[in-house]
Amino acid sequence: MELISSYNLIIEFSVIIILSFLFNGLSKKTNIPAVLMLIALGLILQYILGYFTTDTIDFFPILEVLGIVGLIMIVLEAALELELKREKLIPILKSLAIALIGLMLSTWAAASILYYYIPEMTMQSAWLYATPLSILSSAIIIPSVAGLKSKKREFHIYESTFSDILGIMLFYFLTGKLNPAEDSGLVGFGGNFLLTVAISLIASYAIILIFQKIKSNVKLFLLIAVLLLLYALGKKMHLSSLIIILIFGLVIANMKLFFKGKLSRLLDYAKAHQIYHELHTITAETAFVVRTLFFVIFGLTITITSLFDLQVALISCLLIGSIYGIRIVLLLIFEGKDIIPQVFIAPRGLITVLLFYGIPKEAQVDSFEPGILLFVIIGTSLIMTFAMIYEKKRSSQAIDQANSRAVGSVKWKAPSVLENPDSKS
């Protein structure tokens, strides 16, 4: 049976997208991340594919491209949600601090565990392997926290977005250390960052001013093509390309803040806001499709039997324990006692997989079992699922108690009015 044919591919793609849509609806009702369902679908397809054909298909090039595009769309989608207001400065800075400190401590703890338990692992390689395992997955977190209170929801959006960006910057900083000729140290890295920010701001202003004058209705994919081009060129120039995407999203989402004084005369706010609104929609739709295909193909490439390896389970459990141990301490320091369910919302996902496959050959360790990656992704996602279910039950109980108190209060006051009808006279 020919599975890889034009019409079969169209059928397979369509069915996967429909199932992903249904998974999203099921996820909202059960709090089980749709990502786990997509990986499970990939595993099922892996066995179906193995039944009908013995040919091996190299999915890595597709996985790499989908991962990069998905990463760009997810960060852009998150940036479009961020409102930069003076009253939100403290929450933003607090989220940044938690994301940065949590990333560094988690990477150090994970690197120590990997270095100790995997014989061939050097400390330099351990840090490279540990970084993807220490980055929060905004692809899972942002859709999952929609039902939380606004303060907690915003915290998770900020934290996961910062974790994505800082984690990627740390990963590429560490890969630069492998090649002394390209390694410019912290000073060079800082200069690179500032240069990227400057280019990002100039490009963002230019894009908005140019695109508001384009009269054609077909311009949103042109805009996305420009952003993809800037990202790819930035990578070629060894810039922190994700910063370009983040800053563009922040500028277009907060135009009144960035276009002040004389700059405000250049901005046609009505047209620019329409671009923002349409971009928000198409970004969310594109991110959905890319994320779906990425995790299904990831499921097609993994070996499920590695989950049952005792060494894999031990290392994975230690990694998961270090993630939540560090997170509990950090949130108690920064947030106080109200840390449920935030402390358990720390899943790993798309960026973890993408960066894992991006580890340079000279740093790769053959004895590292990829099942650790899958174990951590599934483990952290399930922990988040149980935490969200608990939070939903806790919230509904709190509402029921508040309603019962309100009813009790009315019943208690009613007799006094009946017994003393003339009390006001």
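Conventions we followed
Residues numbered from 1 in each chain as written. Predicted model: local features only at pLDDT ≥ 70, side-chain atom pairs only at ≥ 80, totals over all residues. Heavy atoms only, no water. Helix = DSSP H or I, 4+ residues; strand = E, 2+ residues; numbered from the N terminus. Expected span 1.5 Å × (residues − 1). Buried < 20%, exposed > 50% of the residue type's maximum accessible area, 1.4 Å probe, protein only. Salt bridge = Lys/Arg side-chain N within 4 Å of Asp/Glu carboxyl O. Patch = residues over 30% accessible without salt bridge, like charges linked within 9 Å, V, L, I, M, F, W, Y side chains within 5 Å. Areas by Shrake-Rupley, 256 points an atom, 1.4 Å probe, with all protein chains shown as cover. Polar contact = N/O pair within 3.5 Å; in protein donor to acceptor, adjacent residues only side chain to side chain. Contact = heavy atoms within 4.5 Å. Arc of directions from axis to C-beta. Phe/Tyr/Trp six-rings, centres within 6.5 Å; stacked < 30°, edge-to-face > 60°.

Undergrad: Where do I start with helix α10 (residues 241-253) in this structure?
TA: Residues separated by three or four positions in an α-helix point in the same direction, a consequence of the helix having 3.6 residues per turn. Counted at 1.5 Å a residue, the expected span for α10 with its 13 residues is 18 Å, and the 19 Å between its end C-alpha atoms agrees. Buried residues dominate α10, accounting for 12 of its 13 residues. When we look at burial in α10, the residues that qualify are Ser241, Leu242, Ile243, Ile244, Ile245, Leu246, Ile247, Phe248, Gly249, Leu250, Val251 and Ile252.

Undergrad: Would you mind going over unusual backbone geometry with me for this structure?
TA: Trans is the common state for peptide bonds, and a negative phi is the common state for residues other than glycine. The omega torsion of the bond from Ile340 to Pro341 falls at 5°, within 30 degrees of zero and hence cis. Mapped onto the elements, Pro341 comes out in the loop between α13 (310-335) and α14 (350-356).

Undergrad: Any chance you could explain the pattern of salt bridges here in plain terms?
TA: In a structure, side chains of opposite charge can pair up when their charged atoms sit close to one another. Scanning the model with the defined rule gives three salt bridges in all. Note that Lys88 is salt-bridged to Glu154, the shortest N-O span being 2.8 Å. Here Glu154 lies in helix α7 (residues 150-178) and Lys88 lies in the loop between α3 (60-81) and α4 (89-117), a separation of 66 residues in the sequence. Here Lys152 and Asp338 are joined by a salt bridge, their closest N and O atoms 3.4 Å apart. On the criterion of sequence distance, the pair formed by Lys152 in helix α7 and Asp338 in the loop between α13 and α14 is long-range, its members being 186 residues apart. Judged by relative accessible area, which is 10%, Lys152 ranks as buried.

Undergrad: How should I be thinking about a nonpolar patch on the surface in this particular structure?
TA: A cluster of nonpolar residues, Ile44, Ile48, Tyr51 and Phe52, forms a patch on the protein surface that exposes about 440 Å² of accessible area. Look at Tyr51 and you get exposed, because its relative accessible area is 70%.

Undergrad: Please explain the side chain of Ser20 as it appears in this structure.
TA: Take Ser20: it is sitting in helix α1 (residues 6-30). Owing to a relative accessible area of 1%, Ser20 belongs among the buried residues under this scheme. Within the structure, Ser20 has its side chain in polar contact with the side chain of Thr292 (distance 2.6 Å). When residues no more than four places from it in sequence are discounted, the contact partners of Ser20 are Leu38, Phe288 and Thr292.

Undergrad: Even after reading the chapter, I still don't get helix α9 (residues 220-236), so can you show me in this structure?
TA: Given a rise of 1.5 Å per residue, 17 residues ought to cover 24 Å, and the 24 Å separating the end C-alpha atoms of α9 matches this to within 8%. Every buried residue belonging to α9 is among Leu220, Leu223, Ile224, Leu227, Tyr231 and Gly234, and all of these are buried. Taken around the axis of α9, the buried residues stretch over an arc of 100°, which confines them to a single face. Projecting away from the buried face of α9 at angles above 90 degrees are the exposed residues Phe221, Leu229 and Lys236. Just downstream of α9 lies His238, where phi reads positive at about 60°.

Undergrad: What is the right way to look at the packing of aromatic side chains in this model?
TA: Aromatic ring pairs are reported here in terms of the distance separating the ring centres and the angle at which the planes meet. Inspection of the entire model under this criterion finds nine aromatic pairs. Centre to centre, the rings of Tyr129 and Phe356 are 6.1 Å apart; their planes meet at 65°, and the pair counts as edge-to-face. Taken together, the positions of Tyr129 in helix α5 (residues 123-133) and Phe356 in helix α14 put the pair 227 residues apart, joining distant regions of the chain. Like Phe356, Tyr129 is buried.

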